[in-house]
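Listed here are the chains, written in short residue letters.
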Amino acid sequence: MSYLRVVALIFTKDFKEELRRKENVLSALLFAFLSLVLFAFALDPTRVDLNQTGSGLLWLIVLFAGSLFMGASFRKEMENGTLQALLLTPTDRSAIFLGKFLVNLVFLLFLEALLLFFAFLLLNFRPGPALGPLALSWIAVTVGYAALGTLFSALIANVHGGQVIYPILLFPVLIPLFIAAATLTQDALAGTLTLGSQWLRLVALFDTLFVTASLFLFEYAVEE
Amino acid sequence: MDLRAWNRLLWGLAVVLNAVALYMVFFYAPVEIQMGAVQKIFYYHVPSASSAYVLLFLAFVFSILYLWREDPTYDLLAYTTAEVGFVFLTIVLVTGPVWGRSAWGKWWVWEPRLTSALILWLMYSAYFLLRLFSRHEARSARVAAVVAIIAFFDVPIVHKAIEWWGSVVHPKKVVLEPPMLRTFFVSMVAVFALAAALTLTRYMVGKAEERHLTGGEVAP
């Protein structure tokens, strides 16, 4: 079986599984929506403007809800006893990583789109012409987030109490990406985001570095 | 020379050097005009930071060696250097605000070097938490090694991001009077000797624990 075929098969398998099981998808989406509602109460939406300084808060929701979803990426394989079978796939292990990474990436982008929509509806979030730059920067940031999220999910799959450690382990590493995400969102909304932005370059570096590192390290993360 | 002899030698060195360093800090180095006596914390703050970074770099190297060679000794070395490095990083984060209070007038400023140290501290807290949670698991060492490697690659990016994000910076160039410079040099060597002694002792404790767990014979 060719490498890409394995990636595609794992992607399809996981994608279908998530849609049929529903619990991971729904809990993450509901959690994100709930957080948005809670923000409205915490912040007084008439005074905090999501179009300006509050925009970083949206990323906080993506971070928390996303980790809820991605943390289960490998844990569910452990619970079902299917991790061993998955690891027996006769190809390079990184194909498994790529398949899972793509599922997480697609889901996160979906969650972000929904989040922005509800922010528009409930919290007077008005990106307007900034939507293009906003989408570009959010996609760029999500790639790095999904890569490390998937790798760390594999790391803690076997660890007793892994759910608890997962965000504690993941978030400190994501801090530079998070700073970039918050700043990029603000710049995009202010209309000052250009392709030459230093923050975009930082995100590109982060993405390249950690997608590559994850492809290499994944082998060690799952090996028995 | 066996490890025990080395250990005694290192501790002897560390005690003598630190006694000399402390004497110089309090009685030889002049009091800084603007910051006053609090500036003297610098003689232990900066060497602690250097030791922490050297040790955490070693933890990164030993983690790679462990993944490559699968020798448990490398895992113990990675754990040992990470642990002692973490202690020194904590010292940096405690002494930083004390000094910052007199230098900047605030306990904490979101300054690149101090904030990077804090984030590194958070990463390594998670690292030890992970080792604590997975201690009964065979893959524990490998999982920890992967985290240490990722953390290492992240540090320069963290630093760059915070530099762009924040505004306050450490003084780029510190001008020191010759007596200050001499004191600084001695305290640097003293703190490194202490770090080395602590690391070696921790390593020997780890080895002893290993022997105890595997029921092996006790070294002479």
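Scoring rules and cut-offs
- Residues numbered from 1 in each chain as written.
- Chains lettered and ligands numbered in written order.
- Predicted model: local features only at pLDDT ≥ 70, side-chain atom pairs only at ≥ 80, totals over all residues.
- Helix = DSSP H or I, 4+ residues; strand = E, 2+ residues; numbered from the N terminus.
- Rg over C-alpha atoms; globule rule 2.2 N^0.38 Å.
- Core = buried A, V, L, I, M, F, W, Y, C linked by C-beta atoms within 7 Å.
- Buried ≥ 20, exposed ≤ 12 C-beta atoms within 10 Å, placed from the backbone.
- Contact = placed C-beta atoms within 7 Å.
- Nonpolar A, V, L, I, M, F, W, Y, C, P; charged D, E, K, R; others polar.
- pLDDT = per-residue confidence, 0-100.

**Overview of the overall build of chain A**
Right, so step 1: Across its full length, chain A holds nine helices and zero strands.
Right, so step 2: In sequence order, chain A lays out its α and β elements as α-α-α-α-α-α-α-α-α.
Right, so step 3: Taken against the 2.2 N^0.38 rule, which gives 17 Å for 224 residues, the C-alpha radius of gyration of chain A at 18 Å falls within 12% of a compact globule.
Right, so step 4: Across its three principal axes, chain A shows a C-alpha extent of roughly 55 × 35 × 30 Å.

**What to know about the nonpolar core**
Right, so step 1: A:A180, A:A221, B:A78, B:Y127, B:V146, B:V147 and B:A148 are the most contacted members of the largest nonpolar core, which totals 142 residues.
Right, so step 2: The contact partners of A:A221, leaving out residues within four places of it in the chain, are A:L151, A:A154, A:L155, B:V143 and B:V146.

**With respect to helix α4 (residues 72-80) of chain A**
Owing to its 3.6 residues per turn, the α-helix brings residues three or four apart onto one side.
Residues and elements named next belong to chain A.
Right, so step 1: Burial in α4 covers these residues: A72, S73, F74, R75 and E77.
Right, so step 2: Close packing links the buried residues of α4 with α2 (23-43), α3 (55-70), α5 (83-87), α6 (94-122), α7 (131-155) and α8 (162-190).
Right, so step 3: Looking one or two places after α4, you find G81, whose phi comes out positive at around 70°.

**A short note on the interface of chain A and chain B**
Right, so step 1: Taken together, the contact pairs 26 residues of chain A with 26 residues of chain B.
Right, so step 2: Mapped by element, the contributors of at least two residues to the side of chain A that touches chain B are α8 and α9 (198-222) of chain A.
Right, so step 3: For the side of chain A that touches chain B, the leading source of residues is α8(A), giving ten residues.
Right, so step 4: For the side of chain A that touches chain B, the residue count by class is 19 nonpolar, five polar and two charged.

**Notes on the environment of A:A213**
Right, so step 1: Note on placement: A:A213 falls in helix α9.
Right, so step 2: Counting along the chain gives 48 residues from A:A213 to A:I165, while the straight-line C-alpha distance between them is 21 Å.

**So, the confidence of the model for chain B**
All names here are of chain B.
Right, so step 1: Counting all residues, the mean pLDDT for chain B is 88, and 94% of those residues have values of 70 or more.
Right, so step 2: Element-level pLDDT for chain B is lowest in helix α5 (residues 140-165), with a mean of 89, against a maximum mean of 94 in helix α2 (residues 42-69).
Right, so step 3: Taken over the whole predicted complex, pTM reads 0.90, whereas the ipTM for its chain interfaces reads 0.89.

**As for unusual backbone geometry**
Right, so step 1: Phi at A:N124 is positive, roughly 60°, even though this residue is not glycine.
Right, so step 2: Within the fold, A:N124 resides in the loop between α6 and α7.
Right, so step 3: In this structure A:N124 comes out as exposed when scored by C-beta crowding, with 12 C-beta atoms within 10 Å.
Right, so step 4: Located in the positive-phi region is B:E70, a residue other than glycine, with phi close to 60°.

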